Amino acid sequence: MLCDICAKNQATVHLTEIIDEQMNELHLCEECAHQKSIQMEQQFGLSDLLGGLAEFEKPAQEKEPSVLIKCLNCSLTYAEFKKIGRLGCSECYGAFKKYLGPLLKKIHGSNLHFGKSACKTGKISAKMPGLQELRYQLQKAIETESFEEAAKIRDQIRELEKKCLQNSGEEKEKDAA
Amino acid sequence: MQLKDLLTHTSEWLKGTGPNSDIVISSRIRLARNLDKIPFPHQANKKQGEQVFQAVEEAKKSTAYLKNTTTFELEDLDSVDKQFLIERHLMSYEHAQKTDHKALIIDDEEIVAIMVNEEDHIRMQVMQSGFNLFEAWNIINKIDDCLAKELHFAFLADWGYLTACPTNTGTGMRGSVMLHLPALVMTRQINRVLAAIAKLSFTTRGLYGEGTQATGNFFQVSNQVSLGRAEEEIIENINGLIKQIVEQENQAREGMFSRNRAMLEDRINRSFGILKSAHIITSQETIELLSLLRLGCDLGMIKELDRRTINELFIITQPAHLQKIENKKLSTQERDIKRAELIRSRLKV
């Protein structure tokens, strides 16, 4: 039997691959098997697993190659993120936003935060009544694909968050005085 | 406080008290936080690492909950010290590597531990004995509130707390429960249970967290998802799952107790016998035998010992603990002898 990759040498290594529950049998010569094992080793580990996930999320009509996108704050490129599986700083989240949204959804099943807010007082419910409720509504709107409604709710959430940050800023100034 | 002071007292989480403490050893909540715009530790330069360390030290001063804490800079610790802290579950393996500007803040009771410049700028944990995640959450939530007043945490309204690894983004929270499941292992039901846990998006790890093997029938169960659910909801979900596992372990224990009592008594008492009389013993064998001893204690078959004594033995027989107790470096063989000696002295009843 000849090797499935080079079709030149005799296949001596037989490999079964399972991808997305599809089973594939590969018959390889020693040389191609060696290449393949290097490839597989490189694919393993959490960072590469994440990198692998990130790869799937490339939008179909991509004009700028994602690997060239760079965070202006810490200089990490998207390609480096894919390689190491770690972001460089908080600003990376903005720089790679378009890729991270789908990635977060893939990891967590959602890309919308619920729960505690970094509002400096920590007292989110007292300071921002209805924020949790709004977030819940937003998720519902997205689920039912009511995107106009979702956009409105998102703006409301941003407004509330901004107010919260301003309030805490003022409070801090007061504290300082 | 000095590191050696820890040797003379029992960590809060080892006390063997709290709800379901026969099966649930401890509950832990961890929060990951980062300072806005400053590069995460793996990407930061020396100056930025130092800046984070100083900022956290400063914030600590105004946090009432962190009054009785001590900061250890990792650069000042030797390899045994670091291993000692890992064995006590106060820090991770990762934190012991490349020590630049890394620090560990712990309180006297070993309830709170804060790693500075680990994978994230701040990794704080609160540990409680028994099945007690909500209590741990209440404590850590307050500490987090206080720190948030002093530090500008990286946060986005849509994505929550921003972390170095996107698997922690959102709440930045991981709730973990340490379970002792000897009966599910002995009755060969454990693989079924572990498979069910994985299906529900939870992870199981060994005694020492990520990448470690399950030894001595200990399993650490934690949430995988940190985004899209509020902290309380995540905790509720873990609690729901843990209750079911506890129930299954109890059923397996009852089944063994009623059907195979003689076999069980034999195994437990043989373990007790070996521990009481061995002169050379490895840490692996110790953990396995202590696990059976603990089961015997839970089932009322071993009346001379309490849970706390056994829990303590699990920790103090670890390699770095033995070396701290002896106050010198010991070879593997020397440790196996000292370990057996220590166990014999503690089990004298």
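Residues numbered from 1 in each chain as written. Chains lettered and ligands numbered in written order. Predicted model: local features only at pLDDT ≥ 70, side-chain atom pairs only at ≥ 80, totals over all residues.

Counting secondary structure elements, chain B contains 12 helices and 10 strands. A compact globule built from 349 residues should have a C-alpha radius of gyration of about 20 Å, and chain B, at 21 Å, falls within 12% of that. Taken along the three principal axes of its C-alpha coordinates, chain B extends 65 × 45 × 30 Å. Within chain B, buried positions represent 47% of all 349 residues. By sequence separation, contacts in chain B at least 24 residues apart represent 70% of the contacts at least 6 residues apart. (Helix = DSSP H or I, 4+ residues; strand = E, 2+ residues; numbered from the N terminus. Rg over C-alpha atoms; globule rule 2.2 N^0.38 Å. Buried ≥ 20, exposed ≤ 12 C-beta atoms within 10 Å, placed from the backbone. Contact = placed C-beta atoms within 7 Å.)

All names here are of chain B. When you tally the buried positions in strand β4 (residues 112-116), you get 5 out of 5 residues, the bulk of the element. Of the two faces of β4, both are covered, the one formed by Val112, Ile114 and Val116 as well as the one formed by Ala113 and Met115. Pairing between strand β3 (residues 103-107) and β4: 4 bridges, direction antiparallel. Counterpart to isoleucine 106 in the pairing with β4 is alanine 113. Here β3 hands over to β4 after 4 residues, with glutamate 110 in that stretch at a positive phi of 60 degrees. For β4 and strand β5 (residues 122-129), the ladder comprises 5 bridges, and the chain directions are antiparallel. Note that in β5 the partner of isoleucine 114 across the bridge is methionine 124. Counting the residues between successive antiparallel strands, the hairpin from β4 to β5 contains 5 residues, one of them, asparagine 117, with a positive phi of roughly 65 degrees. (Pairing = 2+ DSSP bridges.)

If you look at the interface, chain A gives 31 residues, while chain B gives 36 residues. Where the side of chain A that touches chain B is concerned, the elements lending two or more residues are α5 (97-108) and α8 (147-176) of chain A. Considering each element in turn, the side of chain A that touches chain B owes the most residues, 5 residues, to α5 of chain A. For the side of chain A that touches chain B, the per-class residue count stands at 14 nonpolar, 11 polar and 6 charged. (Nonpolar A, V, L, I, M, F, W, Y, C, P; charged D, E, K, R; others polar.)

If you look at soluble globular proteins, the nonpolar side chains tend to sit buried side by side. One finds Cys92 of chain A together with Leu104, Val177 and Leu179 of chain B to be the most contacted residues of the largest nonpolar core, which totals 87 residues. Among residues more than four places away in sequence, those in contact with leucine 179 of chain B are Ile23, Val24, Phe219, Val221 and Ile245 of chain B. Among the nonpolar cores identified, the runner-up in size contains 18 residues, and Phe272, Leu290, Ile316 and Ala340 of chain B belong to it. (Core = buried A, V, L, I, M, F, W, Y, C linked by C-beta atoms within 7 Å.)

For the rest of this paragraph, the subject is the sheet that holds β5 of chain B. Residue and element names in this part refer to chain B. An order of β2-β3-β4-β5-β1-β8-β10-β9 is seen for the 8 strands of this open sheet, with the pairing classed as antiparallel. The sheet is open, and its two edges are formed by β2 (69-73) and β9 (202-205), each paired on a single side. Looking at each pair of strands side by side, their axes are set apart by 20 degrees on average, direction ignored. (Axes fitted to C-alpha atoms, helices over the stretch in contact; angles between N-to-C directions.)

Take helix α4 (residues 133-150) of chain B next. Residues and elements named next belong to chain B. In a regular helix each residue adds 1.5 Å, so 18 residues correspond to 26 Å; α4 covers 26 Å between its end C-alpha atoms and thus fits that length. Listed in full, the buried residues belonging to α4 are Leu133, Ala136, Trp137, Ile140, Asp144, Leu147 and Ala148. Buried residues of α4, seen end-on, are gathered within an arc of 100 degrees and therefore sit on one face of the element. In this structure, the buried residues of α4 make contact with β1 (24-33), α1 (46-61), β5, β8 (173-180) and α7 (231-259). (Expected span 1.5 Å × (residues − 1). Arc of directions from axis to C-beta.)

On to the environment of threonine 99 of chain B. All names here are of chain B. Among the secondary structure elements, threonine 99 is positioned in the loop between α3 (93-96) and β3. In this structure, the C-alpha to C-alpha distance between threonine 99 and leucine 194, residues 95 residues apart in sequence, is 35 Å. Beyond its immediate sequence surroundings of up to four residues, threonine 99 is in contact with Leu74 and Glu75.

It is worth spelling out the pairing of strand β10 (residues 218-223) of chain B at this point. Residues and elements named next belong to chain B. Counting buried residues along β10, 6 of its 6 residues qualify, which places the element largely inside the surrounding structure. Both faces of β10 are covered, namely the face carrying Phe218, Gln220 and Ser222 and the face carrying Phe219, Val221 and Asn223. Where β8 lies against β10, 5 bridges are found, and the strand directions are antiparallel. The residue of β10 that forms the bridge with valine 177 is valine 221. Note: β9 against β10, 4 bridges, orientation antiparallel. Bridge assignment links phenylalanine 202 to a residue of β10, and that residue is asparagine 223.

If you check the backbone angles, alanine 7 of chain A has positive phi at about 55 degrees while not being a glycine. Structurally, the position occupied by alanine 7 of chain A is in the segment before β1 (13-19). What makes alanine 7 of chain A exposed here is the crowd of 10 C-beta atoms within 10 Å. Phi is positive for asparagine 20 of chain B, close to 50 degrees, though the residue is something other than glycine. Locating asparagine 20 of chain B in the fold gives a position in the segment before β1.

Further remarks concern the packing of helix α9 (residues 283-298) of chain B against helix α10 (residues 307-316) of chain B. Residues and elements named next belong to chain B. α10 packs onto α9 with a crossing angle of 170 degrees between their chain directions and a minimal axis gap of 10 Å. It follows from the interaxial angle that α9 and α10 lie roughly antiparallel. Counted together, Ile287, Leu290, Leu293, Arg294 and Cys297 of α9 and Arg307, Ile310, Leu313 and Phe314 of α10 form the full contact between these two elements. A class-by-class count of the residues in the contact of α9 with α10 yields 7 nonpolar, no polar and 2 charged. (Parallel < 35°, antiparallel > 145°, perpendicular 65-115°, else oblique.)

Next up on the list: the confidence of the model for chain B. Of all residues in chain B, 98% have pLDDT values of 70 or greater, and the mean over the chain is 93. Both scores are available for the predicted complex, with the pTM at 0.79 and the ipTM at 0.87. (pLDDT = per-residue confidence, 0-100.)

All right, on to the confidence of the model for chain A then. Predicted confidence across chain A gives a mean pLDDT of 72, with 60% of residues reaching 70 or more. Ignoring residues within four places in sequence, the model shows residues 120-129 of chain A, a span with pLDDT below 50, making 18 contacts including any to other chains.

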